[in-house]
Amino acid sequence: MGGPLDRDELLQSCQGLLDSGADMTAIPARLVEQLGLVPVDSVLVSHGGEAIAVERDVFAAALDVPLLGRSIVQVLATSDPFALLGRDLLNKLYLVLDGPHLAFEVARSPDVAAPTV
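What counts as what
- Residues numbered from 1 in each chain as written.
- Predicted model: local features only at pLDDT ≥ 70, side-chain atom pairs only at ≥ 80, totals over all residues.
- Heavy atoms only, no water.
- Helix = DSSP H or I, 4+ residues; strand = E, 2+ residues; numbered from the N terminus.
- Buried < 20%, exposed > 50% of the residue type's maximum accessible area, 1.4 Å probe, protein only.
- Contact = heavy atoms within 4.5 Å.
- Core = buried A, V, L, I, M, F, W, Y, C linked by side-chain atoms within 4.5 Å.

S.K.: Where do I start with the environment of Leu97 in this structure?
M.R.: When you line up the elements, Leu97 lands in strand β7 (residues 94–98). Look at Leu97 and you get exposed, because its relative accessible area is 69%. With residues near it in sequence (within four places) discarded, Leu97 still touches Ala103 and Phe104.

S.K.: Which parts of the structure should I look at to understand the side chain of Ser71?
M.R.: Structurally, Ser71 is set in strand β5 (residues 69–78). Setting aside residues no more than four positions away along its own chain, Ser71 makes contact with Ala61, Ala62, Leu63 and Leu89.

S.K.: Quick question: what am I supposed to make of unusual backbone geometry here?
M.R.: The bulk of non-glycine residues show a negative phi, and the bulk of peptide bonds are trans. The backbone phi angle of Leu67 is positive, close to 75°, even though this residue is not glycine. Checked against the element boundaries, Leu67 lands in the loop between β4 (54–65) and β5. According to the relative accessible area criterion, Leu67 is partly exposed, its value standing at 45%. Unusually for a residue other than glycine, Leu102 sits at a positive phi of about 50°. Among the secondary structure elements, Leu102 is positioned in the loop between β7 and β8 (103–107).

S.K.: How should I be thinking about the nonpolar core in this particular structure?
M.R.: Soluble globular proteins tend to bury their nonpolar side chains together. The biggest cluster of nonpolar side chains holds 19 residues, and the ones touching the most others in it are Ile27, Leu37, Leu63, Val75 and Leu89. Of all the secondary structure elements, the ones that give two or more residues to this core are α1 (29–35), β4, β5, β6 (83–85) and α2 (87–90). Top contributing element to this core by residue count: β4, with 4 residues. Grouped together as the second largest cluster of nonpolar side chains are 6 residues, Met24, Ala26, Val58 and Leu84 included.

Shown next as structure tokens:
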């Protein structure tokens, strides 16, 4: 990930988790700082159905996500040491969780089967 105009050699690597309960993707605050990202907007954010929403800065960032390639997206900063990929990116993918068979599939479309994870 990097700033929206960063060259490949300026990108930073970061592990991430899929967060189907998050509307927006979030990246570690340390990366926001290291990359020198500046706020481009703000949104009201609540966690886990809390009644109180807090205004948070939104940053533009370039993310390279397998199957999606590079996307310029608006992200929040998180105190977690990993990125949280929210529905803004997950909605571009076909995800199948097959609990009884302990299988998880990710693909660009339902016609293109991806390896089972």
